[in-house]
Amino acid sequence: MIQNSIATFKCEVVQRKLQLVGQCATGNFPKSFPEVSMNVQQEFENRKDEVRQVVNPDVIYSPYLANSLVATYFACVEVKGYGDIPKGMMALDIPMTTYAKVSCSNKTIDKGYERIFSWMKENGHRQESLEKALPIEIFYFEENAEEEIVELCIPIVD
């Protein structure tokens, strides 16, 4: 059940450091999206039980890199530590990063992006270089739910 606060697209500044393990896929951007992102999430969903030391298997972290030609999209779980990384997966060690964050739902991601970039501009926050940080979509999956909570985290300069 989506909370009422999701509908308000509440924005805030948060800091996170993450250890992630997962898979990625690259495709032409924007032509092959959202299909590429949905496919890599589904493939990872079928294999996430192979990952050890998972913090919460119902939370999928999806960092991404994109420009006007291609995008690489990840589907990962947070881990407490890196052990054996399953074949075909990789570890991502994301250092402490300051993010502008907005909560929305899987059905309102476009509006969430509009809101967070507008809020960043209104509050004087600049997006961090992709050389140092990655934007992240965080999905909070619920069994048999049509609409689920999603957090959009955009790295910003302090």
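As the structure is a computational prediction, the values presented were derived from the model and not from experiment. (Residues numbered from 1 in each chain as written. Predicted model: local features only at pLDDT ≥ 70, side-chain atom pairs only at ≥ 80, totals over all residues. Heavy atoms only, no water.)

Some points on helix 2 (residues 35–47)
Taking 1.5 Å as the rise per residue, helix 2 with 13 residues should run 18 Å; its terminal C-alpha atoms sit 19 Å apart, in good agreement. For helix 2, the set of buried residues is Val-36, Ser-37, Val-40, Gln-41 and Phe-44. The arc enclosing the buried residues of helix 2, seen along the axis, measures out at 130 degrees, which places them on a common side. In helix 2, those exposed residues whose orientation departs by more than 90 degrees from the buried face are Met-38 and Asn-46. For helix 2, the elements touching its buried residues are strand 1 (11–28), strand 2 (59–66), strand 3 (70–78) and strand 5 (136–140). (Helix = DSSP H or I, 4+ residues; strand = E, 2+ residues; numbered from the N terminus. Expected span 1.5 Å × (residues − 1). Buried < 20%, exposed > 50% of the residue type's maximum accessible area, 1.4 Å probe, protein only. Arc of directions from axis to C-beta. Contact = heavy atoms within 4.5 Å.)

Examining the side chain of Glu-78
Following the sequence through the fold, Glu-78 ends up in strand 3. Of the buried charged residues, Glu-78 lacks a salt bridge, with Arg-16 as the closest side chain of opposite charge at 7.0 Å. Here the side chain of Glu-78 touches Tyr-61 through a polar contact of 3.2 Å, side chain to side chain. Among all residues touching Glu-78, those that are not within four sequence positions of it are Lys-17, Leu-18, Gln-19, Leu-20, Gln-53, Val-54, Val-55 and Tyr-61. (Lys, Arg positive; Asp, Glu negative; His and termini not counted. Salt bridge = Lys/Arg side-chain N within 4 Å of Asp/Glu carboxyl O. Polar contact = N/O pair within 3.5 Å; in protein donor to acceptor, adjacent residues only side chain to side chain.)

Remarks on the sheet that holds strand 2
If you walk around this closed barrel you meet the 6 strands as 1-3-2-5-6-4, and the pairing is antiparallel. Mean inter-strand twist for the sheet, computed between neighbouring axes without regard to direction, equals 45 degrees. Across the sheet, helix 2 lies against strand 1, strand 2, strand 3 and strand 5, angled at about 90 degrees from strand 1, the strand it touches most. On top of the sheet, helix 3 (residues 109–122) reaches strand 1, strand 2, strand 4 (90–105), strand 5 and strand 6 (149–155); it is set at about 90 degrees to strand 4, its chief contact. (Pairing = 2+ DSSP bridges. Axes fitted to C-alpha atoms, helices over the stretch in contact; angles between N-to-C directions.)

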